[in-house]
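Letter by letter, the chains look like this.
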Amino acid sequence: IPESMVRNIGREEYGKKLMELQAQGTLSPEMIQKFTSEKIVSDYIEKERGTFEMLAKASVGIAEILKLEKLVLSQEAFEEELDKIRAQYAQESPGQELEEDEQITQAVRERSETKLVFDWIQENCSVE
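Residues numbered from 1 in each chain as written. Predicted model: local features only at pLDDT ≥ 70, side-chain atom pairs only at ≥ 80, totals over all residues. Heavy atoms only, no water.

**Some details on the overall build of the protein chain**
Regarding its fold elements, the protein chain presents six helices and zero strands. Listed by position from the N terminus, the elements making up the protein chain come as α-α-α-α-α-α. Overall, the protein chain is about 50 × 40 × 25 Å in size when its C-alpha atoms are taken along their principal axes. Here the protein chain, with 128 residues, has 22% of them falling under the buried criterion. In the protein chain, 71% of the contacts between residues at least 6 apart in sequence involve partners at least 24 apart. Element-wise, carbon and sulfur atoms account for 53% of the exposed surface of the protein chain, whose accessible area totals about 9400 Å². Between the averaged position of the 16 positive side-chain charges in the protein chain and that of its 28 negative side-chain charges there is a distance of 5 Å. (Helix = DSSP H or I, 4+ residues; strand = E, 2+ residues; numbered from the N terminus. Buried < 20%, exposed > 50% of the residue type's maximum accessible area, 1.4 Å probe, protein only. Contact = heavy atoms within 4.5 Å. Areas by Shrake-Rupley, 256 points an atom, 1.4 Å probe, with all protein chains shown as cover. Lys, Arg positive; Asp, Glu negative; His and termini not counted. Charge placed at Lys NZ, Arg CZ, Asp CG, Glu CD.)

This is how it looks when you write it as structure tokens:
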């Protein structure tokens, strides 16, 4: 697994944790700035390296199954998942609108493709 992939996943996961803490009101924007130093992020990635390597391997495996089995996420399934995220956000953050940027869209697409692969595995494979 390429080191860059492990580090990117680590940064994404660290960013998600900070966003969750900010959404919960646990961290102020100023505190988040302090927690985004390269040293702190690198230390976190090293501490959780095994998890991020496992996530990277899973990501490669999911992409390979999508390709080999010619699985394609329908726009309808993608939109359904995006609607679920919007509804969840509206419930957790009343009065605020979800800013749908490329990162959120990509995360929803990856989550939906992962679900598609797991559904395919469940229907077509048996574990012995």
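**Some points on the environment of Met-19**
With respect to the helices, strands and loops of the structure, Met-19 is situated in helix 1 (residues 3-23). We classify Met-19 as exposed; its relative accessible area is 54%. Taking the C-alpha atoms as reference, Met-19 lies 9.9 Å from Pro-29; in sequence the two are 10 residues apart.

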